[in-house]
Structures are given as C-alpha cells and as structure tokens.
Amino acid sequence: MRMIFDPRQSAHAPALEMHNGGWVAHAEVPGRAANIGAALGATEAPADHGLASITAIHDPAYVDFLRSAHRRWLEAGREGDAVGYIWPVARRRDVQLDRIDAMLGRYSMDAGTPITADTWDAAYWAAQSALTALDAVLAGDRVAFALCRPPGHHAGADYLGGYCYLNNAAIAAQAARDAGATRVAILDVDYHHGNGTQDIFWNRGDVLFASIHGDPRIDYPFYWGHADERGEGAGEGATLNLPLPHGTAIAPYLAALDQVLAAIRAFAPDMLIVSFGADTYEADPISHFAIRTQDYAEIAGAIAKLALPSVIVMEGGYAVDALGANVAGFLSGL
Ligand code: SP5
Ligand code: ZN
C-alpha cells in the first residue's frame, strides 16, 4: 500500500490549547506522525497539486487568512502562536475586518487550534498527501494511505478548529468527483464528529457523509453530530450520524459500523474516503471509547468488505506511543 507523507507537515507544532478554562500542552504534536511513520516504515512524499484543489473546497478569503495570519500576528506585535479570543456568533454579518484578532474569530470555531509560522505549509502538504493518495487509487490501487497531519475533519469551508485547518478528506472527495467519480462516500471513524466535512457536503447529494463518534451531547464538537442531523435540500439523507456512549467497546462499535456500511452500500458510491482517527483507542488521553489495538484490523476488515477503491486519510489519535501500532493494525486489515 502506498503511504504518503511530507516532512514539512512536521514543522507545525502549536504550544498550547485552551481547555476547560486554562492553557494546556497541545495534544496534536509532531511526534504523532513520527510514531506512525516509524511503525509503517517508508513513506513517500506527495506531488504538488497546487492550490486549485484546496480552493475547490475552501473559501479563497479563508485561504488568504490562513496563509497570512501568523505574519499579521507578528506585525501586531504579538509573540508565539496566533489564537483568537472573540467569536462573531451574536448577530454576525459580513463586516470589514482590519485587525488580526477579529479575523481569528471570524475564521475559527475554537481556541484549541493556534496558527504558527509553519501551519500553512504543514496543512498545505497534508492536503497534498491526501491528493497524492487519491492519485494512487485513481491509477488503480485499491487502497492508499495519506498520513495527514495536521488533521482536517473539523475544518469547514471557511473556518479552522479541532486541530484542523484544511479539510483533507473533503479536498480528496471533491478531487475524486472532479476526476470523474459520480458518487463519493466519506466514512468518518475518528472519535470526534467531523463537523467540517458534514458542513461542506450538507446540501449535496453526490457526497455521502457517514460518521460514528462520541455523543456530542457530552463531547467535542458539541454543536454537530447529533443523530437527527441528516442533511438538507439535495443532501437530505446524505448525512448519517451515529453517536455512541462513553465506554463503547468493539462489539457495539462493530454493530454501529454495520449500519453505516449498509448505508454506504445503498448509496452505491464509486469511491470511499475514510477519515480515520485512532482516538477511539481505549487509552486515548482525550477520548472515551474502549477500542483495543487488536480491534483496528477487525474494523478495517469490515470496511474492506465494501470492496471500494479507498483513500484512508489520517485524522486524530493522541496516545502517541500506541498510535503507530493502532494505525498499522488498521491498515493491515484493509
Ligand atoms: C482531529 C481531532 O481529533 N480533533 C480533536 C479536537 C478535540 N479538542 C477538544 C478536546 C481538547 C482536549 N485537549 C486536552 C489537551 C491536553 N494536553
Ligand atoms: Zn478526534
């Protein structure tokens, strides 16, 4: 299986995130990719597909913001990582934004996703890794793996959040459509709901978004991922959410996965994108399922029965020392 990763993805290393009322060490560390890379052996560098596939999903004004935010932060006399402190939720409208703090609020959903001097480059190459894995599958490989870091599924068309800046899975799904796939299914098995991906395809009937995740009544990202969210307009029925309780172990997880896989089969896609997070792991420090290392091959085996050309895109997973074994286990089951 081809496995794609660019060393420039490792330079992104935010120091702190706001959590439960204080600044704590950031959970999405470069060591995550290092641990996965060590478990997988050789990875190959992505090809540069340029900006067009990125702006096919993301608002160009948001992309401009992401590219310039840290420079603007320094020009405002700040130090360290750029992070917002005000969000335009109440009676928000489009106003001219002349200060970096205003822009940070406009283009973000949380204070856990700082922008460093290296963030744009890392996010850009993570997206290129997803696009290069897609190329492999378009060229005939049944499955390819994009070691995306930073992850992507919380990023919307015009906002960052949840450690995510560019939505790698959405970018790959759209590129697959543009390369001729008629219907694309995105299966999101990260612990957290993929709100950005859901938002991006909410009104579309050509891309199915199906997710199994911790119940948003008690888990991040709270405002999305509830079972009654099913899409709208042409996208009605093309969003499927299965929230599961804390403590979910492999048996009930596989039962939920069966439901989701049946929906994907019924959708009859010609391409599958998997947003894979290993934060469903029993010892994940920020999540609450009970999936064991040996379970990941079984989860992947069920997905592989779809027999669809598949791009696996890395999302979360914060038990760094076990991350490589969990990812390798998953890939071995495909
Ligand atoms: C891609 C992904 O898995 N994003 C998850 C974002 C979750 N952010 C909210 C939970 C924050 C907990 N952070 C504690 C850090 C301790 N060092
Ligand atoms: Zn996650």
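Values in this document were obtained by computation on a predicted structure and should not be read as measured data.

Student: Any chance you could break down the overall build of the protein for me, citing the residues and the numbers?
Tutor: Looking only at helices and strands, one finds ten helices and nine strands in the protein. For a compact globule of 334 residues, the expected C-alpha radius of gyration is about 20 Å, and the protein comes in at 18 Å, within 12% of that figure. Principal axes of the C-alpha set define a box for the protein whose edges measure 55 × 45 × 40 Å. The burial tally for the protein puts 52% of its 334 residues in the buried class. Excluding contacts between residues fewer than 6 apart, the proportion of contacts in the protein whose partners are at least 24 apart in sequence is 76%.

Student: Please give an account of the pairing of strand E8 (residues 271–276) that cites residues and values.
Tutor: For E8, a buried count of six out of six residues is recorded, marking the element as mostly surrounded by other parts of the structure. In E8, alternate side chains face the same way, and those of Met-271, Ile-273 and Ser-275 on one face and Leu-272, Val-274 and Phe-276 on the other are all buried. Looking at chain direction, strand E5 (residues 184–188) and E8 are connected through five bridges and run parallel. Its bridge partner being in E8, Asp-188 is matched across the sheet by Ser-275. Pairing of E8 with strand E9 (residues 310–314), which is carried by five bridges, proceeds in the parallel orientation. Residue pairing for E9: Ile-273 is matched across the bridge by Val-311. At this point the chain moves from E8, through helix H9 (residues 295–304), to the parallel E9, and the crossover so formed is right-handed.

Student: Break down the nonpolar core for me, with residues and values.
Tutor: With 100 residues, the main nonpolar core has Ala-130, Ala-146, Ala-172, Ile-273, Val-311 and Val-313 as its most contacted residues. Considering every element that reaches this core, the biggest residue donor is helix H5 (residues 119–138), with 13 residues. Among residues more than four places away in sequence, those in contact with Val-311 are Ala-130, Ala-133, Leu-134, Val-137, Ala-144, Ala-146, Ala-172 and Ile-273.

Student: I'd like a rundown of unusual backbone geometry, residues and numbers included.
Tutor: Each neighbour pair has its own omega, and for Arg-149 with Pro-150 the value is 0°, a cis peptide bond. Following the sequence through the fold, Pro-150 ends up in the loop between strand E4 (143–146) and helix H6 (168–178). The omega torsion across Tyr-220 and Pro-221 is 10°, close enough to zero to call that bond cis. Positionally, Pro-221 belongs in the loop between strand E6 (207–214) and strand E7 (239–244).

Student: Tell me about the site of ligand 1, and name the residues and values.
Tutor: Neighbouring residues of ligand 1: 19 residues in total, closest Ala-27, Pro-151, Gly-162, Tyr-220 and Gly-316. The set of elements that each furnish at least two residues to the shell around ligand 1 consists of strand E2 (16–19) and strand E3 (22–25).

Student: Which residues make up the sheet that holds E6, and what values go with them?
Tutor: Here we have seven strands laid out as an open sheet, ordered E1-E4-E9-E8-E5-E6-E7, and parallel in their pairing. Looking at strand neighbours, the two that pair on one side only are strand E1 (2–4) and E7, the edges of this open sheet. Strand after strand, the sheet turns through a mean of 15° between neighbouring axes, direction not considered. By the bridge criterion, five bridges tie E5 to E6 in an arrangement that is parallel. Across the sheet, Ala-185 pairs through a bridge with Leu-208, a residue of E6. Strands E1, E4 and E9 of the sheet are contacted by H5, whose axis makes an angle of about 170° with E4.

Student: Quick one: what's the story with the environment of Ile-186, residue by residue and with numbers?
Tutor: Among the structural elements, Ile-186 can be located in strand E5. Given 29 C-beta atoms within a 10 Å radius, Ile-186 is considered buried. The sequence separation of Ile-186 and Gln-174 amounts to twelve residues, and the corresponding C-alpha distance is 11 Å. When neighbours within four sequence positions are excluded, Ile-186 is seen to be in contact with Ala-169, Ala-173, Thr-197, Val-207, Leu-208, Phe-209, Ile-273 and Ser-275.

Reading guide: rules and limits
- Residues numbered from 1 in each chain as written.
- Chains lettered and ligands numbered in written order.
- Predicted model: local features only at pLDDT ≥ 70, side-chain atom pairs only at ≥ 80, totals over all residues.
- Helix = DSSP H or I, 4+ residues; strand = E, 2+ residues; numbered from the N terminus.
- Rg over C-alpha atoms; globule rule 2.2 N^0.38 Å.
- Buried ≥ 20, exposed ≤ 12 C-beta atoms within 10 Å, placed from the backbone.
- Contact = placed C-beta atoms within 7 Å.
- Pairing = 2+ DSSP bridges.
- Right-handed = clockwise from strand over helix to strand, strands pointing away.
- Core = buried A, V, L, I, M, F, W, Y, C linked by C-beta atoms within 7 Å.
- Near = placed C-beta within 6 Å.
- Axes fitted to C-alpha atoms, helices over the stretch in contact; angles between N-to-C directions.

Purely spatial values, then, with no claim about function.
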